[in-house]
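Observations on the model geometry
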Amino acid sequence: MKRTVIKRDGTEEPFRTQKIINAIFEIIEGLEVEDDYELVFLIMKELDLKVPERVSTEELDRLVLKAIEQLIPRHPVYDTLATRQLLKLINKRIDRRLDSFRDYLEKGFEQELLHERLKDFDFELLEQSLDFERDRLLGYFGLTTMNDRYLMKNRDGEVMEKPQWFFMRVAMGIGNSNEEIIKIYNKLSKLEYLHSTPTLFNSGTVTSQYSSCYVSVIDDSLDSIMDKARETAFLAKYAGGVGTDVSRIRATGSNIASLNAPSSGAIPFIKIFDTLVNSIQQGGRRRSSQVVSMQPWHLDIDGFLDLRETTGNAYFRTPSLNTSLWMPDEMMRRIDQGEPIYLFDPGECPELVDATGDDFKKNYARRIEQAEAGELEQFRQLDSQDFFKKYLFKLAKTGHPWLIFKDEHNRHNPCPEYSVINSSNLCTEISIPNRPDSTAVCTLASVNLSKHVKEDKSDIDWEKLVDTLETMTRGLDNILDKNFYPSEAARQNTMDLRPLGIGLMGFAEALIDLDIPYDSEEAVILARKLGAFMRKIAYRTSQELAEERGAFRHYREMEEQGEGYDYPPRRNAVLLAIAPTASISIITGTTSSIDSYFSNIYSRDTLSGKHIVINRQLIEDLEEKGKWSDGMADVIKAHNGSVQYIDELDGVIDKELYKTAYEIHPRRQIDIAAAFQESIDQAVSKSLYIDEHLREDMEEIYLYAWEKKLKSTYYCFIDKVVKGEKYTEKVNKRGSRKGFGGGGAASAANGDSSDTSEPAEAGTQAELEAKARQKFGDEVVDEALEADADSCPTDPMLRRICPACE
Amino acid sequence: MINKLIGRTSVRDNIKLSEDPSYPIFKELYEKQKKAIWFPEELNIQQDALDYHSLSEDEKDLFDTAVGYFCSSELLVQNVLVNSFFPLLTDPHAKMSFSTQLFMENIHSDFFEIVLQSFGMDREKMYDVAFDDPILRKKQSLIVDEIDKISYGQIDPETLEGQKQVLRAILLNNIILEGIFFYSSFAHFFALKDMAKMKNVVSGVELVLIDESLHLQNGIEAILIMLDENPEIVKDTEYVQDIRDVILEGTALEIEYVKHKFGDRTILGISYGELERYLKYITDRRLQELGFQQEFHITENPLRFLQKEDVKKLINFFEVSSTEYTNY
Ligand SMILES: [Fe+2]
Ligand SMILES: [Fe+2]
């Protein structure tokens, strides 16, 4: 097959292997690799089958990228190469349209993409501060994700930002001065911390919506419900996640005074939000989502637990909503001790909604007495353990609702005079007092701990961490005044409380650097220390900010009323929240939040497609011990990404360091989250990973989470047992049975692989190459591999591996 | 001829489960299939609507044809099962396993039907594609024409000839149709996801793949058991050669089909050359699973992105429908 390359200007030229080989050598340059020829050979081999008869230069570039990408699971070096190739493509495309960073800014203003405010800064100084070398810190998955969704596009939908321009644009939307911008840029571009996705999307742009989360409260009135529907629509439109408490909405059968008719309960109203969110989800770079939260004593709780079921009456199902339970201590106590629980109608017992802790316990007991005495219109008594079992079954089956602890959230409310905390947000890390007229907003950023380990890996680089935390606190506080608030209730809450959410990612990666197994007491101790440290620095900075810019408004108002809070003035009511960091940990290429490695090799499904993630630290370790090879990669894959049962590695590496999520007992996962939670003033969003064999212990596990004073749990992952046939791995379904090979009938049918004869088609290129090396020696083979159309080998065997010969 | 997996049955037979089943493997496969049950409503298919409209012409054609092919083939699998060998299963656990397969095919048709509706595809065209496209028709005919001959009680399972016919029917259905033809189309879907397109639909196809790999296992087990129970079969050289040939014929038809579909274009980053190798690789696997020697000696799956299907999955829940929950 003769191949033709069509160039951008429409002219054609013959496809030349050598040209591509040279281009690959170019991206390898400067990389420390053992055998660059072998690298090139492998890539060419992958590429060869892909290139069609007629191919455009752009398509060819993409195919080269695909070819490299396919090799990523073999070795991290291919990840680096793929990143470089993608960078090359991004830069090439942008260079055709834009001359420089300045040019980009100008076009951005011209097309009304960038915010006028940015014009105040010194473009020349900022341009000089750009450091394109830092592109090298990005990994392939991170860069792909950035390129797909984060890098700003022009009005024609073409990417117009290089990664460093992107970091600078984000910094410009946050910093108040040139110096501050450079400081933030440096931190972001070195991946030392990152802001949450909405900030990365919108910072410095005309859509200055920086916040991730909104948490609203619906009152028990049609007015309020419709009001909140409207607010939700606007919040969702601007890509935030919305949390909404529905505990106040009266239950089914409750009397509506104005109509003197029974209510149809909370569920049909929740359905409105499902429809609403679904209609806004279409398109966009990230799905807007909503979580509705209900307290489990609500009489409609059964219907609530079923919202995410996939069968049944579609009218009572909400496939586009997430759900969570806002669980009071008193009900957990009853579950723990096997005492019955009671369900009530918030229309009849409204005081239960707001009451927390002992106050709730007292009111709940009083209502139970009334119920037993027949003084209530509506109530139900349930066996608490049956209820809990049923709930956990739903959690395992549908992933919903998540379990969040009402009283633990409220015990740490720094502003009880403002309001109770009515629920958490979509990702369960928010804990901010809110009311129907005050919708909580949280603006988040997360430290990348893996970039805060001392060079000699002896300890956390605490000094650097101070610097990062200070920068973050100030930057986040700046944002609050630049942010666009989609609703008045949201602005109100922010101006009153100025809440921030500083979190953490890369905890597990840092642990391995420090030689500490995730599944150890030492890890718990470090978690506790880190939490306390984050609190100390963030609070200190916020107190300084209060001196410079004033304390948060509600604090001042309480002080003016002579009922001031007993803590020193600070700028922000709350400062810390550990979010799941799903997307930004991908950009930084580290482990998410405070979770362990999910597995040592796994695939991750995101809006940017499916990517294979490998534990680079493990591979480096194995390489150092001379144990990394394609064979080992296959063995680890065959073990579903676990190294625990590979005997060959006993005593070679410290296996404890590389336990994967399901191999760490949920108790330990909870211990680590609890150690952080001691100091985190908002919440730690903790997903639990439960191995199938512990499924029976779910009750115990979730009771333990409550005892350990977690505020929030998040997704419950249960290892899936039934998997599809493995595609890339030999599986022996036949065992020792002979099947058609048993009779010795036809020679062609003669089973068990005693094939000594030369196969009809000589296997893969690799086998061919190996054979050729044996026959001709390495030198000849290498030459053949490099051959282009002008110097093709003559031997038929060599011709078959020569990339230019067909 | 009693105590065989395939035999003459009446409505009075097979109505007792035993604690000590004759074919424990079918109990196990039933359990596995039960755990794999899912519903199309779990996937947010509509989410892919924008994606669908941004597919290139080649990509759309590939997607449409694959969907259309599955739309009718899922139901075809049911026909073949019900009309040919299901009534001849003598073991209650085997019946449970194969009828769970039947149920799963409902889910699959349901799923592809929802896909078809969600993107406003031409339903008549979709359902007819498998018989309108000249090359797809060859594939379908290979299955249909043979099954025609042995449907509706035309087999006497008490004879060796009957046993051979049933074996061939299972082979055509569970190995060639589900294990080769379906696997070919799966690759087209997964290539889409690899390019970050149609992610939610493909999440559903991932579930279909899990199911189909269990159906394949149903077929392999049934065939191996039959060979074990009828040792005369493998002594019939001609018959064994025929079986091998029909598998290879299936592969040849599938290769012809991808050749016609891809030509010398590279769509979604994959080319005819890669797909051809892939099909040969899959066929070698099927041959070996049945005890045959390999035909093509392809040791490595050339479609490397498929290894993403082999490892544990972590989903960004707010972005892509999850396929990682178990229903019970
Ligand atoms: Fe199916
Ligand atoms: Fe099937």
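Since the structure is predicted, the reported quantities are computational estimates derived from the model, not experimental observations.

Adjacent strands of a sheet pair through backbone hydrogen bonds, lying either parallel or antiparallel. All names here are of chain A. Taken in spatial order, the three strands line up as S2-S1-S3 in an open sheet, and their pairing is mixed. Looking at strand neighbours, the two that pair on one side only are strand S2 (12-14) and strand S3 (54-56), the edges of this open sheet. On average, adjacent strands in this sheet sit at an angle of 30 degrees to one another, irrespective of strand direction. Where strand S1 (residues 4-6) and S3 come together, three bridges link them in parallel fashion. Residue pairing in the sheet places Ile6 in a bridge with Ser56 of S3.

Residue and element names in this part refer to chain B. Coordination of the iron ion (ligand 2) by the protein is provided by Glu105 (OE), Glu178 (OE), Glu212 (OE) and His215 (ND1), with metal-donor distances spanning 1.8 to 2.0 Å. Angles of 88 to 163 degrees at the metal separate the four donor atoms of the iron ion (ligand 2), which places the site in the irregular class. Here the donor residues of the iron ion (ligand 2) share one chain and are spaced in sequence as E-x72-E-x33-E-x2-H. For the pair the iron ion (ligand 2) and the iron ion (ligand 1), the metal-to-metal distance amounts to 3.3 Å, and Glu105 bridges them. Of this pair, Glu105 sits in helix H4 (residues 92-118) while Glu178 sits in helix H7 (residues 160-194), placing them 73 residues apart in sequence.

Residue and element names in this part refer to chain B. Here the UniProt feature "binding site: Fe cation 1" (unreviewed entry) sits at Glu74, Glu105 and His108. These annotated residues cover 35 residues of sequence, but their C-alpha atoms sit close together, with the largest distance between any two at 6.5 Å. By the secondary structure assignment, Glu74 is in helix H3 (residues 57-85). Residue classification places Glu74 among the buried positions, given a relative accessible area of 0%. When sequence neighbours within four positions are dropped, the list of residues in contact with Glu74 reads Glu105, His108, Ser109, Phe112, Phe182, Val208 and Glu212. In this structure, His108 sits in helix H4. Note on His108: relative accessible area 0%, which makes it buried. Among all residues touching His108, those that are not within four sequence positions of it are Trp38, Glu74, Val208, Asp211, Glu212 and His215.

What counts and how
- Residues numbered from 1 in each chain as written.
- Chains lettered and ligands numbered in written order.
- Predicted model: local features only at pLDDT ≥ 70, side-chain atom pairs only at ≥ 80, totals over all residues.
- Heavy atoms only, no water.
- Pairing = 2+ DSSP bridges.
- Helix = DSSP H or I, 4+ residues; strand = E, 2+ residues; numbered from the N terminus.
- Axes fitted to C-alpha atoms, helices over the stretch in contact; angles between N-to-C directions.
- Donors = N, O, S within 2.8 Å, 3.2 Å for Na, K, Ca; no water.
- Tetrahedral: all angles 85-135°; square planar, octahedral: opposite > 155°, others 65-115°.
- UniProt positions renumbered as here; feature names shortened; annotations may be inferred.
- Buried < 20%, exposed > 50% of the residue type's maximum accessible area, 1.4 Å probe, protein only.
- Contact = heavy atoms within 4.5 Å.

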